[in-house]
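Each chain, letter by letter, is given below.
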Amino acid sequence: MKAIIIAAGHGTRLGDYTKKTPKALVDINGKSILQRQTELLQANGITEIIVVTGPNQEKFLDKKLKYVKDDFYEDHEQLGSLMEAQNFFNTELLILFSDVLFDNQILSKIINSKEDFNIAIDLNWERKYIGRTEHPISQADLVLIQNNLVFKIKKNLIPKDNSKIGEFIGIIKLSLKGAEKFVNHYKNLKNSMDKIELVKKWYLTNMLQDLIDNDNLISPITIEGNWCEVDTVQDLEHAKKLFT
């Protein structure tokens, strides 16, 4: 199994912390977000870790990692950055956002998921937005779960009968078959003249929804444990309290 960490964004909402430093390298009590992620991955036997970088690539100094430079990070969104590393989609694969901290309990459950498409979901997500004024609840990537499958993924979802709402925490697990399907679906989208420009604006959530709309089954992995996103200065202070 390999892991790809998407670290090509500017991280502008962290202000001075990311003016000259990629968000993945922001310090959390003596260790960067990236170091905390990679140490957990390596402890779970995932030693091939690929980091997709954007600006300030020269700041990434860990020689145990592999790096893919996204030279087009200003021309496309999250999905485009990930697909700069599509040559690594040749095995079971973890895909992670570079601004998400999580504990071993969460990672272990995700690694052990068996379906072709698996995404990590927090069903107790609302409590994380109490007092989180710099990143309001309206910005949460929500997931509607029906019959133990992901039915819808977008912001501002409303639950339906016999459904659950959770938050996508930014971690995906693909089987080999799932990884191959993911790349082939992306290539088909890029070859479609009516979608080629639209896809440049896509986040991973857009891709996941399009996979669902094209009859692919995505399984929710409901997690328990500590995790947080580091998107704002307020988030950073919370992360320092949660991950000592």
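Remember, it's a predicted structure, so these values are computed and weren't measured experimentally.

Colleague: What exactly am I supposed to notice about unusual backbone geometry here?
Modeller: One can expect most non-glycine residues to show negative phi and most peptide bonds to be in trans. Phi at N147 takes a positive value of approximately 50°, unusual for a residue other than glycine. Take N147: it is sitting in the loop between β9 (142–146) and β10 (149–154). On the accessibility criterion, N147 (72% relative accessible area) is exposed. The backbone phi angle of N156 is positive, close to 60°, even though this residue is not glycine. Tracing the sequence through the fold places N156 in the loop between β10 and β11 (163–174). Since its relative accessible area comes to 54%, N156 is described here as exposed.

Colleague: What exactly am I supposed to notice about helix α1 (residues 33–43) here?
Modeller: Burial in α1 covers these residues: I33, L34, R36, Q37, T38, L40 and L41. Positive phi shows up at G45, right after α1, with a value of about 85°.

About the criteria used
- Residues numbered from 1 in each chain as written.
- Predicted model: local features only at pLDDT ≥ 70, side-chain atom pairs only at ≥ 80, totals over all residues.
- Heavy atoms only, no water.
- Helix = DSSP H or I, 4+ residues; strand = E, 2+ residues; numbered from the N terminus.
- Buried < 20%, exposed > 50% of the residue type's maximum accessible area, 1.4 Å probe, protein only.

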